[in-house]
Amino acid sequence: MRVAVIPGDGIGPEVVNSVIQVVPVLDDLFGLDIEFTTFNWGADRWLADGVGLPEGAITMLQKDFDAIFFGALGDPRIPTTAHGREILLGLRRGLSLYVNYRPLLLPGHTIDLYRENTQGLYVGIGGRVENAGVATVAIDECVYTRDIVTKFVRYGLADATARGRTKVTLVHKANAVPNTGALWQDVFRTELAQFPQIEANEEYVDAFCYKLVRDPGTFEVVLAPNLFGDIASDVGAALMGGLGTAPSASICPESRFGLFEPVHGSAPDIAGLGIANPVGAARSLVLLLDHMGRTDAATALETCLRESMETTLTTPDLGGSGTTRAFMDSVLARLERLGSALGTTIGK
Ligand code: ATP
């Protein structure tokens, strides 16, 4: 398995580097045969030589790698986040990573949230009318194609079924945003014909967020357009215990290429302090391993993470007194103990 690592900016390198430490132990235990190559794409390079996503990057990634393990992008020196848009949106579009899977790991209950990742309000179509340098009119278009919505909904329904789920909710805002809203509803209702066992329902995004907070147990699988999925997943992250704990996987269903990254951003306010919560990044590695068919290693890592999250070694955002390093060291120690308990290398 060949994995490109893009640590990025702010706390990105802190969480990515601390998480990667567990890989040799997982490799000893489960024989992963995983190879990492790091790329320095991010704010420093952008400021030094103006390069965001280098020429030929997409072709190189498709040819030489199976997945990307990603940190975060965002730097106060680049207030427009132009480099972040070029790199991350460039990777999502260039690699057709149109399915963004964000599991909401709530106590005793997981909601599988799927967010469309390439279209909607993120297509980059729009403009501004300015008067003496002041914007007087600003336009961002929301664009959806039937092709992408159909492939996204189909993947979500099939993946949910494979995970043994039967209840699927479509999130939309068709009462106020009627054109793309109706397209999503029509595709959802059409595709459901292939999944007679699924109990389907539809929710306006505002009502959905309210119910998600009040009664998360009513949801099993959620399909959402780009912006609504982004917002709902932050609400979900709050329910999980904080932004620092939430993972995500951006997948191209056709090539199976995936980009795995924590939901949080570069958090400049705590960058360099050594207290960034590495759980979201570590769980993104769990999703990567799972996607590659290594459920054994994925389950072991998630179990050890959950055990360490019960201790006082968690980072301050979770109420603990630990550091990024101390928390991952405790996860590492648990994995090593797991190895000695098993007495031998397994899974090779
Ligand atoms: P960006 O512009 O890159 O998205 P941001 O600071 O606006 O960065 P986030 O990084 O997503 O947005 O996070 C918002 C706040 O949540 C951070 O400023 C930080 O205080 C907290 N936070 C986010 N991720 C973590 C983490 N892994 N550990 C601890 N705190 C975090």
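Overview of the structure. (Residues numbered from 1 in each chain as written. Predicted model: local features only at pLDDT ≥ 70, side-chain atom pairs only at ≥ 80, totals over all residues. Heavy atoms only, no water.)

## Some words on the packing of helix H6 (residues 146-162) against helix H7 (residues 178-191)
Stage number 1. Put simply, H6 and H7 touch, their axes get as near as 9 Å, and they point 45° apart. Comparing their axes, H7 and H6 come out oblique. Seen from above, H6 lies across H7 with right-handed handedness. Counting all contacts with H6, which are made through Arg146, Val149, Thr150, Phe152, Val153, Arg154 and Leu157, the residues of H7 involved are Leu183, Trp184, Asp186, Val187, Phe188, Thr190 and Glu191.
Stage number 2. Tallied by class, the residues present in the contact of H6 with H7 amount to eight nonpolar, two polar and four charged. (Axes fitted to C-alpha atoms, helices over the stretch in contact; angles between N-to-C directions. Helix = DSSP H or I, 4+ residues; strand = E, 2+ residues; numbered from the N terminus. Parallel < 35°, antiparallel > 145°, perpendicular 65-115°, else oblique. Left-handed = near helix turned anticlockwise from the far one by under 90°. Contact = heavy atoms within 4.5 Å. Nonpolar A, V, L, I, M, F, W, Y, C, P; charged D, E, K, R; others polar.)

## Examining the pattern of salt bridges
Stage number 1. A full pass over the atoms with the stated rule returns 23 salt bridges.
Stage number 2. Among the salt bridges present, the one from Asp206 reaches Lys173, with a minimum N-O distance of 3.2 Å. You can see Asp206 sitting in helix H8 (residues 205-214) and its partner Lys173 sitting in the loop between strand S8 (167-172) and H7, a full 33 residues away along the chain.
Stage number 3. The class of Lys173 is buried, set by a relative accessible area of 19%.
Stage number 4. Between Glu202 and Arg189 there is a salt bridge, with the nearest N and O atoms lying 2.9 Å from each other. (Salt bridge = Lys/Arg side-chain N within 4 Å of Asp/Glu carboxyl O. Buried < 20%, exposed > 50% of the residue type's maximum accessible area, 1.4 Å probe, protein only.)

## Points about the site of the ligand
Stage number 1. Residues in close proximity to the ligand total 15 residues, the closest being Gly265, Ser266, Ala267, Asp269 and Asn277.
Stage number 2. Contacts to the ligand include Leu73, whose backbone N or O atom sits 3.2 Å from an oxygen atom.
Stage number 3. Within the complex, the protein chains bury 64% of what would otherwise be the 590 Å² of accessible surface of the ligand.
Stage number 4. Class assignment for the residues of the shell around the ligand results in seven nonpolar, six polar and two charged. (Near = heavy atom within 4 Å. Polar contact = N/O pair within 3.5 Å; in protein donor to acceptor, adjacent residues only side chain to side chain. Areas by Shrake-Rupley, 256 points an atom, 1.4 Å probe, with all protein chains shown as cover.)

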